[in-house]
Amino acid sequence: MVSLQKYPSVHHAYMLNASPQQGLFRNSPNRRGPGFLIRSEQAPEVSISSCQDRPGRRQFLAMGSTIAPLLLMSYQTPTSFAAESKKGFLPVTDKKDGYNFVYPFGWQEVVVEGQDKVFKDVIEPLESVSVNVIPTNKQDIRDFGSPQEVAETLIKKFLSSPSQKTKLIEASEHDIEGKAYYTFEFVAQAPNFTRHGLTAVCIGNGKFYTLTTGANERRWEKMKDRLHTVVDSFKIFNV
């Protein structure tokens, strides 16, 4: 097995993804309105309460999901829909780095240092999806080891903080258009929350791609189908 720990850049980049509540979150530059900061485990509680005080927010988002695709079509070019569009989801295509995926309608894009793209639910901060892209000289994800070996290393060293207890639930390999992908499911338990996560990893274009999504354990049963849709939609393409 080729240890991921031998690559400092990998470790630095992934530690920023240890928890969606760690680090600095800001509104994406392409969104209007004031930015917001999340700096600690406790900070999201302020944002949650302020959002929950607004009656009908959930209903508004649900209603909006039925018209969002029509609104998007009015100003986006056809290439914006390279990612497969699904009901209740919005597509993302990154032509520069060569990947696409979908995320649930209602999640907002935020900027996180060290992450290529991040979308999250402002009411449930643990519900998010992030994409990390770093250079590599490897040609295939299998060069790093088996799905179980890669998953264990990523979960323990890069997708959780040292204070969290982690458990790998399952890991598997699948092929898409001749490219090997590893996907795995895991939980990371902190003192005040437990996150249930799904991750897909792949190598292409001289880059190591990782997409991670998840939710609070208490909402896993409600969110798991949507989160599986997100992780299953992740694909890379040649650039």
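All of these numbers come straight from a predicted model, not from anything done at the bench. (Residues numbered from 1 in each chain as written. Predicted model: local features only at pLDDT ≥ 70, side-chain atom pairs only at ≥ 80, totals over all residues. Heavy atoms only, no water.)

## Here's the deal with the pairing of strand 5 (residues 117–120)
Move 1: Of the two faces of strand 5, the one lined by Lys-117 and Phe-119 and the one lined by Val-118 and Lys-120 are each fully buried.
Move 2: Alignment of strand 4 (residues 108–112) against strand 5, held across three bridges, turns out to be antiparallel. Bridged to Glu-109 within strand 5 is Phe-119.
Move 3: If you look at the hairpin formed by strand 4 and strand 5, you'll find four residues sitting between the two strands, and Gly-114 has a positive phi there, around 95 degrees.
Move 4: Relative to strand 6 (residues 128–135), strand 5 is paired through four bridges, and the arrangement is antiparallel. What sits directly across from Phe-119, in strand 6, is Val-129. (Buried < 20%, exposed > 50% of the residue type's maximum accessible area, 1.4 Å probe, protein only. Helix = DSSP H or I, 4+ residues; strand = E, 2+ residues; numbered from the N terminus. Pairing = 2+ DSSP bridges.)

## Section: the confidence of the model for the protein
Move 1: In the predicted model, the protein carries a mean pLDDT of 77, and 64% of its residues have values of at least 70.
Move 2: With pLDDT under 50 throughout, residues 7–17 is counted as low confidence; its partners more than four residues away or in other chains account for 34 contacts.
Move 3: In the model, residues 65–83 has pLDDT below 50 throughout and makes 20 contacts with residues more than four positions away in sequence or in other chains. (pLDDT = per-residue confidence, 0-100. Contact = heavy atoms within 4.5 Å.)

## Here's the deal with the pattern of salt bridges
Pairing between side chains of opposite charge can happen when the charged atoms of each approach one another.
Move 1: Taken as a whole and judged by the stated rule, the model has nine salt bridges.
Move 2: Residue Arg-219 pairs with Glu-127 through a salt bridge whose shortest N-O separation is 2.2 Å. Of this pair, Arg-219 sits in the loop between strand 10 (207–216) and helix 6 (220–233) while Glu-127 sits in the loop between strand 5 and strand 6; the two residues are 92 residues apart in sequence, bridging distant segments of the chain.
Move 3: Given a relative accessible area of 11%, Arg-219 falls into the buried group.
Move 4: Using a relative accessible area of 1% as the deciding quantity, one classes Glu-127 as buried.
Move 5: Between Arg-142 and Glu-173 there is a salt bridge whose closest N-O contact spans 3.2 Å. Separated by 31 residues along the polypeptide, Arg-142 in the loop between strand 6 and helix 5 (147–157) and Glu-173 in strand 7 (residues 165–176) bring together distant segments of the chain.
Move 6: Here Arg-142 falls in the partly exposed class, since its relative accessible area comes to 43%.
Move 7: By relative accessible area, which is 39% here, Glu-173 ends up partly exposed.
Move 8: Each member of the salt-bridge network shares a partner with another, and the members are Glu-124, Glu-127, Arg-218 and Arg-219. (Salt bridge = Lys/Arg side-chain N within 4 Å of Asp/Glu carboxyl O.)

## A short note on the environment of Pro-104
Move 1: Relative to the helices and strands, Pro-104 resides in strand 3 (residues 99–104).
Move 2: Looking at Pro-104, the relative accessible area reads 3%, which means it is buried.
Move 3: Separated by 15 residues in sequence, Pro-104 and Phe-89 place their C-alpha atoms 4.3 Å apart.
Move 4: In this structure, Pro-104 is in contact with Gly-88, Phe-89 and Val-230, ignoring residues within four places of it in sequence.

## Section: the sheet that holds strand 3
Note: strands within a sheet are paired through backbone hydrogen bonds, in either parallel or antiparallel orientation.
Move 1: Taken in spatial order, the three strands line up as 2-3-11 in an open sheet, and their pairing is antiparallel. At either end of the open sheet lies a strand with only one pairing partner, and these are strand 2 (89–94) and strand 11 (235–236).
Move 2: Relative to strand 3, strand 2 is paired through six bridges, and the arrangement is antiparallel. Considered in strand 3, the bridge of Phe-89 is made with Pro-104.

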